[in-house]
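Each chain, written out:
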Amino acid sequence: MRCGFCRNEAIYRRSYEGVALCKTCFLEDIEEKIRRTISKFDMLRFDDHIAVAVSGGKDSLTLLRILRKVEKRFPRATLTAVTVDEGINGYRTEAVKLARESCRELGVNHLIVSFRELFGQTLDEIVSSKKELSPCSYCGVLRRRAIHIAAKEAKANKIATAHNLDDEVQTILLNIFHGDANRIARVEPVLVDPAGRFLQRIKPLCEIPEKEVALYAYLSRVKFQTCPCPYLGTALRNDIREMLNRIEERHPGTKFTIFRSVERLRDSLKASVAAVELRDCLRCGEPTTGTLCEVCKMLDRAVECPEI
Ligand code: SF4
Ligand code: ZN
């Protein structure tokens, strides 16, 4: 099998484009695709201070590495890596260590925050005392808040997360499975709050399939955490991931087709959803549509959220 770009020995066949690539062309192509995504969705400005959410997994460490390359071309831009320690016994410690090592190697400032210090409990403690929701539901909402708090502390003006194409398509289908069609329009490469109360969030890997992010990390010798989170098996997302991978195997390009369909429909989907008015959460002061924000409802007790 020969590389479709340079005719050297290929190491990977990209079924959805019907092309084979050698190691060098594959790595260059992924970086070029990410640069194109950044430019297409107008994700970065020359003087941005970007807080990169780094969990220690393959996606976030790949994102950090590529953004570091992009940032070097913009002397006035700054990166800060933000890692959240949710408090998952036997899992998060290794990831935090790998994140720390990568940041040191790349020369990126690193901020670590934990659920324990921000919310008074680890995820393990929350999960063992509250059974209403799945561990990932608690984790997702609290981690988003933790990243936001850390990004503000770092004085960043935007947050970059490592959601890849698979994550985005899974979230679209999850919203359908949950009957929450209004949220589909909010699965976006760039999330902006017109009122400016939330930092802008960007997803530079949103057009790269998970398999290719993993291959990029492997070929670039990124040291990332490989053991899965112990709560992973409990999530509906896991079943959707397996279903999508089976379909993609037999019908290459399906994930892109779903992603592009939502891209085309996004404006009309947004126009059909009434704008919601935000007010301050009575407990922590963060923006919410009700009287209490999701975080305070989840913790279900008087939470002293830090001032941000
Ligand atoms: Fe959190 Fe669920 Fe991911 Fe584990 S699998 S880190 S609980 S979101
Ligand atoms: Zn609150």
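Here goes a summary of the coordinates provided. Source: prediction; values computed, not measured.

Points about the overall build of the protein
When helices and strands are counted, the protein shows 11 helices and 10 strands. Burial analysis of the protein (308 residues in total) assigns 52% to the buried set. By sequence separation, contacts in the protein at least 24 residues apart represent 68% of the contacts at least 6 residues apart. Here the protein has roughly 15900 Å² of accessible surface; of this, 50% comes from carbon and sulfur atoms. Taking the 51 positively charged and 43 negatively charged side chains of the protein as two groups, their mean positions are separated by 3 Å.

Some words on the packing of helix 1 (residues 23-40) against helix 2 (residues 58-72)
Orientation of helix 1 relative to helix 2, taken along the N-to-C sense of each, is 70 degrees, at an axis distance of 11 Å. The angle between the axes of helix 1 and helix 2 places the two elements in the roughly perpendicular class. Seen along the crossing, helix 1 lies across helix 2 with a hand that is right-handed. Residues Ile 30, Glu 31, Ile 34, Arg 35 and Ile 38 of helix 1 form the contact with helix 2, whose own contacting residues are Ile 66, Leu 67, Lys 69 and Val 70. Across the contact of helix 1 with helix 2, the residue classes tally to six nonpolar, no polar and three charged.

As for the site of ligand 1
Around ligand 1 lies a shell formed by Leu 123, Cys 136, Cys 139, Arg 143, Cys 229, Tyr 231 and Leu 232. For the shell around ligand 1, the element with the most residues is helix 6 (residues 135-153), which contributes three residues. For the shell around ligand 1, a count of residues per class yields six nonpolar, no polar and one charged.

Side note on the coordination of the zinc ion (ligand 2)
Protein coordination at the zinc ion (ligand 2): the donors are Cys 281 (SG), Cys 284 (SG), Cys 293 (SG) and Cys 296 (SG), at 2.2 to 2.4 Å from the metal. In this structure, the zinc ion (ligand 2) is surrounded by four donor atoms whose angles at the metal cover 107 to 112 degrees, and the resulting shape is tetrahedral.

Digging into the environment of Gly 90
If you trace the backbone, Gly 90 turns up in the loop between strand 4 (78-85) and helix 3 (92-106). Residue classification places Gly 90 among the exposed positions, given a relative accessible area of 68%.

Parameters and conventions
Residues numbered from 1 in each chain as written. Chains lettered and ligands numbered in written order. Predicted model: local features only at pLDDT ≥ 70, side-chain atom pairs only at ≥ 80, totals over all residues. Heavy atoms only, no water. Helix = DSSP H or I, 4+ residues; strand = E, 2+ residues; numbered from the N terminus. Buried < 20%, exposed > 50% of the residue type's maximum accessible area, 1.4 Å probe, protein only. Contact = heavy atoms within 4.5 Å. Areas by Shrake-Rupley, 256 points an atom, 1.4 Å probe, with all protein chains shown as cover. Lys, Arg positive; Asp, Glu negative; His and termini not counted. Charge placed at Lys NZ, Arg CZ, Asp CG, Glu CD. Axes fitted to C-alpha atoms, helices over the stretch in contact; angles between N-to-C directions. Parallel < 35°, antiparallel > 145°, perpendicular 65-115°, else oblique. Left-handed = near helix turned anticlockwise from the far one by under 90°. Nonpolar A, V, L, I, M, F, W, Y, C, P; charged D, E, K, R; others polar. Near = heavy atom within 4 Å. Donors = N, O, S within 2.8 Å, 3.2 Å for Na, K, Ca; no water. Tetrahedral: all angles 85-135°; square planar, octahedral: opposite > 155°, others 65-115°.

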